[in-house]
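Summary of structural features
Listed here are the chains, written in short residue letters.
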Amino acid sequence: MITLALSKGRIFDETLPLLKAAGIEVLEDPETSRKLILATNQPDVRVLVVRATDVPTYVQYGGADLGITGRDTLLEHGSQGLYQPLDLQIAKCRISVAVRSDFDYPSAVKKGSRLTVATKYVAISRDFFAAKGVHVDLIKLYGSMELAPLVGMADAIVDLVSTGNTLKANHLIEVEHIMDISSRLVVNQAALKLKQAPIRRIIDAFASALGK
Ligand code: PRP
């Protein structure tokens, strides 16, 4: 049995064509089914529906052989024990710093200054501002980061930006682009040895669907 961990939403939707290229079709829609283990047209391939931030954990501990997860999640979680054979170029977005449009960011990030940043990307933010020599007080949030500057809780946020519509709707502006994000295929290293042929088949099918 080959087990693939996926999160619902954009990653799931954009993975379906890649699975199809590998001859795999998921038989149920996670948006309507309450099932967490989804069968596929291949009796020896199944899909686990997990939270995006839990995908690396399932693969690391062998709950799943493979998973698809964002570069952001891998950087925050760490990638110990995970083999990362492919950048799938799906669920593309960026991680940026955003502030209220009336906030003077250039003065606030002068070397040696101090900034309060709300984010769920604590590790990425700490590294980014440390490299700039800016002291940051980080406030960990789990979602709706855009609120923090609006209610005076933080000077800035570090969050994913795709279309920019969420920032615009909340009167925030993007002031720095930290990095580009896309989703990666991750593989449990022990599973790669024990189930080499079927896992290689999936990796190769994904790679050729991507033109690699
Ligand atoms: C992400 C992110 C922003 C939004 C950006 O949230 O946190 O809020 O998308 O997209 P946009 O630039 O196209 O408006 P998501 O919907 O993934 O949910 P989350 O709050 O759980 O991260």
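Everything below is about the structure printed above this text.
The present account deals with the structure reproduced in this document. Note that the structure is predicted; figures quoted are calculated from it, not measured. (Residues numbered from 1 in each chain as written. Predicted model: local features only at pLDDT ≥ 70, side-chain atom pairs only at ≥ 80, totals over all residues. Heavy atoms only, no water.)

**Some details on the site of the ligand**
For clarity, the cut-off: Being near a molecule or strand, for a residue, comes down to having at least one heavy atom within 4 Å of it. Counting of polar contacts relies on pairs of N or O atoms within 3.5 Å, with two restrictions inside protein: one atom must be capable of donating a hydrogen and the other of accepting it, and residues adjacent in sequence are counted only when both atoms are side-chain atoms. Note that accessible areas follow from Shrake-Rupley with a 1.4 Å probe, and for residues the cover is restricted to the protein chains shown. Here a strand is any run of E in DSSP of at least two residues, a helix any run of H or I of at least four, and the numbering for each starts at the N terminus.
In the vicinity of the ligand, the residues found are Lys120, Glu146, Asp159, Leu160, Val161, Ser162, Thr163, Gly164, Asn165 and Thr166. Within the contact set of the ligand, an oxygen atom lies 2.9 Å away from a side-chain nitrogen or oxygen of Asp159. The contact in question runs from an oxygen atom of the ligand to an N or O atom on the backbone of Gly164, over 2.7 Å. Within the complex, the protein chains bury 60% of what would otherwise be the 490 Å² of accessible surface of the ligand. Secondary-structure elements contributing two or more residues to the shell around the ligand are strand S9 (156–161) and helix H7 (165–169). Here the element with the most residues in the shell around the ligand is S9; it accounts for three residues.

**Describing the pairing of strand S11 (residues 183–188)**
To keep things clear, this is the line we draw: Relative accessibility under 20% of the residue-type maximum defines a buried residue, over 50% an exposed one, and the middle range a partly exposed one, all with a 1.4 Å probe and only protein chains included. Strands are treated as partners if at least two bridges between them are detected by DSSP.
Burial analysis of S11 places six of its six residues in the buried class, the great majority of the element. Across the two faces of S11 the burial is the same, with Ser183, Leu185 and Val187 and Arg184, Val186 and Asn188 all buried. Sheet topology places strand S4 (residues 66–70) next to S11; five bridges connect them, and they run antiparallel. Residue Gly67 lies in a different strand from S11, and its bridge partner there is Val186. Note that strand S5 (residues 82–87) and S11 share four bridges and pair antiparallel. Counted as the bridge partner of Asp87 is Arg184 from S11.

**Things to note about the packing of aromatic side chains**
Selection rule: Pairing of aromatic side chains here covers Phe, Tyr and the six-membered ring of Trp, requires ring centres within 6.5 Å, and sorts the geometry by plane angle: under 30 degrees stacked, over 60 edge-to-face, intermediate tilted.
Using the criterion set out here, one finds one aromatic pair in the structure. A centroid spacing of 5.1 Å and a plane angle of 80° characterise the contact between Phe128 and Phe129, whose relative ring orientation is edge-to-face. Here Phe129 falls in the buried class, since its relative accessible area comes to 0%.

**Here we look at the environment of Leu19**
Stated precisely, the cut-off is as follows: Residues count as neighbours in contact if any of their non-hydrogen atoms are within 4.5 Å of one another.
In this structure, Leu19 sits in helix H1 (residues 10–21). Discounting residues that sit within four places of it in the chain, Leu19 has contacts with Leu4, Leu6, Ile24, Val26 and Phe206.

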